[in-house]
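# Coordinate analysis (summary)
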Amino acid sequence: MNEHLRGGLLLAVYAALTLAAPPALDFLQKHHLRSEGAQAKARANFGAVPTAIGVAVTTVNREVRIPAADALLPIQRVFRIEQSWNFYSGSLDQLHRLEVWIDDGLVYRSGDPEYGWLADELTSRRLRPIVQATVVTEGSRNARGLARFVVKRAREEFPDAREVTLAATRGDFPGLTMETAHSLTARGPDWVVEPSK
Amino acid sequence: MARLWRRWLTWSGREVDARPLALTRVLLPIMLLLDMARLVQLGLVDDLFRHYDQGGINVALNPHLWLDNLSPMWGGPVAVGVVMAALACVAAGVLYRPALLVALVGYAQLGHLCGPSDRGIDRILRTVMLILIVSEAHKHFSLKRPWKDRIPAWPQDLVRYLLVLVYMNSGFAKLLGDPAGWLGFEGQSHLYRIITNPVAGHVDPVMADDWGWVLWLGGWFTIGIELAAPLLLTRHAHWWALAGVALHLGIAATMELGMFSWGMLSLYPILFAESPWLNARRSSASS
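Residues numbered from 1 in each chain as written. Chains lettered and ligands numbered in written order. Predicted model: local features only at pLDDT ≥ 70, side-chain atom pairs only at ≥ 80, totals over all residues.

### Notes on the overall build of chain B
Broken down by element type, chain B carries 15 helices and two strands. Against the compact-globule benchmark of 19 Å for 287 residues, chain B has a radius of gyration of 21 Å, which places it among compact chains. Across its three principal directions, the C-alpha atoms of chain B cover 55 × 55 × 40 Å. (Helix = DSSP H or I, 4+ residues; strand = E, 2+ residues; numbered from the N terminus. Rg over C-alpha atoms; globule rule 2.2 N^0.38 Å.)

So this is what it looks like as structure tokens:
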């Protein structure tokens, strides 16, 4: 390949990567320091000069960088390589666990080796995010699919089971006292998954 | 300006030791293969890679998904097999570019098919795969001989730059998101809450509560490492990489993130490319 063409293409790729996910700027919300009120608050907290710099940076980010990054998104989505890398910026305020009850017996509890039925599956890296969404948010969109999966496995392993319940429990760290936040139950013979009463 | 351009062309056109990038080309598909083999072993392929209407878990439809149109029932499971075969070819260095393209497109389609289970590590590895397609990483450690000792440096430089962005973004997100939760020294740190939450970590929350100060230090270490990532663009990259290895081993030991750490570490051979250790062994081997 012609060295000038290669050099130009490479520069374009570096620019695209930088525009798509510039450190710090990518974390800022579009509306950051946009309103007069937000700018006045920043001036009171940090002074006039730092706020002016912040407003300039966030304006360029909002008006130039974000539209340019958005233009790159269609290409990224084909290969599912959206460049956004804000890993673990925070944590959950409360501790959450999933419990699986078959009839009246507890068979699985997140992080509890004494109740480890289906633990390998429920903690596997591709299922874990669905488990987390299910226990953190009531009515999360894949909760029924997860419940149906657990019921299927329960019926295979416990053919006499009459009822399977997935209960999301939560409590303050370190989790000595937990309470049920929401739950889903399926009963034989039709095994339809419904929110527990 | 012309001199600057010439310097850029010289730098980006240079050649480097082929082994680090070739090793990444071998390790990355092996990590993905093991990750998928684990899904097969657990019998999760049908549940994850079929839509809810076909008995799977995920209900969300993705506009970029076409695999499902080929066969809603078998598109996902067949794609897993095809991607695994393609990854084996990539690791072996045979049919390299077609195999890597098939693996990349199939892997992306599996991500579209079950979006919630497709994580940041998958996006990072796919981005690297896209870079590897146009590299000469298959010219060493491959079933095909003869091997080349030197290959163009620019794919390796791009992967390094990508890692700088990944780590720095993560560091700034922590710092700007909640500095007190990461850098303060009161109450429970974010690191404590992350590694003790039973749906993501596997550290006992009661036991770790007594070791809160260690986790505060761990949080500082994490942010320090992430913000120091520009060192990867210098000849001191290998020192940063040692700390990065420690970071990822710590994550692997305390969290349930599957192949996340191992996938990231599969990219690390290129961070040791200029290390005196690698080059000392090479010099002694050639003398």
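### Here we look at the environment of isoleucine 270 of chain B
Residues and elements named next belong to chain B. Examined against the element boundaries, isoleucine 270 turns out to sit in the loop between α14 (260-265) and α15 (276-286). Residue classification places isoleucine 270 among the buried positions, given that 27 C-beta atoms sit within 10 Å. Those residues in contact with isoleucine 270, other than ones at most four positions away along the chain, are Pro20, Leu21, Thr24, Gln156, Val159 and Arg160. (Buried ≥ 20, exposed ≤ 12 C-beta atoms within 10 Å, placed from the backbone. Contact = placed C-beta atoms within 7 Å.)

### Some thoughts on the interface of chain B and chain A
Contacts between the two partners involve 63 residues from chain B, matched on the other side by 55 residues from chain A. Listed by contribution, the elements that provide at least two residues to the side of chain B that touches chain A are α1 (2-12), α2 (19-42), α3 (45-48), α6 (96-113), α7 (120-133), α8 (154-177), α10 (190-196) and α11 (205-209) of chain B. When its residues are assigned to classes, the side of chain B that touches chain A shows 32 nonpolar, 20 polar and 11 charged. (Nonpolar A, V, L, I, M, F, W, Y, C, P; charged D, E, K, R; others polar.)

### Notes on the packing of α2 of chain B against helix α5 (residues 75-92) of chain B
Residue and element names in this part refer to chain B. Interhelical geometry of α2 versus α5 gives an angle of 155 degrees and a closest axis separation of 8 Å. If you check the angle between α2 and α5, you find them roughly antiparallel. The two elements α2 and α5 cross, and the hand of that crossing is left-handed. Where α2 approaches α5, its residues Arg25, Val26, Pro29, Ile30, Leu32, Leu33 and Met36 are matched on the opposing element by Val80, Val83, Met84, Leu87, Ala88, Val90 and Ala91. Of the residues assigned to the contact of α2 with α5, the class counts are 13 nonpolar, no polar and one charged. (Axes fitted to C-alpha atoms, helices over the stretch in contact; angles between N-to-C directions. Parallel < 35°, antiparallel > 145°, perpendicular 65-115°, else oblique. Left-handed = near helix turned anticlockwise from the far one by under 90°.)

### So, the nonpolar core
In terms of nonpolar packing, the biggest core is built from 109 residues, with Val150 of chain A together with Val83, Ala103, Val128 and Leu163 of chain B touching the most fellow members. In terms of residue count, α8 of chain B provides more of this core than any other element does, 12 residues in total. Among residues more than four places away in sequence, those in contact with alanine 103 of chain B are Pro29, Val83, Ala86, Leu87, Val90 and Met129 of chain B. (Core = buried A, V, L, I, M, F, W, Y, C linked by C-beta atoms within 7 Å.)

### Structural notes on α5 of chain B
Between the first and last C-alpha of α5 of chain B there are 26 Å, a value that for 18 residues agrees with the 26 Å anticipated at 1.5 Å per step. Where α5 of chain B is buried, its residues meet α2, α3, α4 (67-70) and α6 of chain B. (Expected span 1.5 Å × (residues − 1).)

### Focus: the domain arrangement of chain A
Parsing chain A into structural domains produces domain 1 (3-79) and domain 2 (95-195). When each unit is reduced to the centre of its C-alpha atoms, the spacing between domain 1 of chain A and domain 2 of chain A is 41 Å. (Domains from an automatic or database assignment.)

### Section: the pairing of strand β5 (residues 192-195) of chain A
Residues and elements named next belong to chain A. Two strands pair when backbone bridges link them, and strand β4 (residues 179-187) and β5 are joined in this way by four bridges, in the antiparallel orientation. Bridge pairing links leucine 184 to proline 195 in β5. Between the end of β4 and the start of β5, which pair antiparallel, lie four residues, with tryptophan 191 showing a positive phi angle near 60 degrees. (Pairing = 2+ DSSP bridges.)

### What to know about helix α5 (residues 128-136) of chain A
All of the buried residues in α5 of chain A are Arg128, Ile130, Val131, Gln132, Thr134 and Val135 of chain A. Buried residues along α5 of chain A sit against β1 (95-102), α4 (119-122), α6 (143-157) and β3 (163-171) of chain A.

### Let's talk about the environment of leucine 21 of chain B
All names here are of chain B. By the element assignment, leucine 21 lies in helix α2. For the pair leucine 21 and glutamate 136, spaced 115 residues apart in sequence, the C-alpha to C-alpha distance is 8.6 Å. Setting aside residues up to four positions removed in sequence, leucine 21 forms contacts with Ser135, Ala137, Ile151, Pro155, Gln156 and Ile270.

### Notes on the packing of α8 of chain B against helix α12 (residues 212-227) of chain B
All names here are of chain B. Look at α8 against α12: their axes get within 7 Å of each other, and the N-to-C directions meet at 135 degrees. Looking at the two axes, α8 sits oblique to α12. Here α8 and α12 pass one another in a crossing that is left-handed. Between α8 and α12, the contacting residues are Tyr167, Met168, Ser170, Gly171, Lys174 and Leu175 on the first element and Ile223, Glu226 and Leu227 on the second.

### Looking at the domain arrangement of chain B
All names here are of chain B. Assigned domains of chain B: these are domain 1 (17-149) and domain 2 (153-280). Computed over C-alpha atoms, the centres of domain 1 and domain 2 are 25 Å apart. Taken together, the contacts link 20 residues of domain 1 with 18 residues of domain 2. Those elements that provide at least two residues to the side of domain 1 that touches domain 2 are α2 and α7. Across the side of domain 1 that touches domain 2, the residue classes tally to 15 nonpolar, three polar and two charged.

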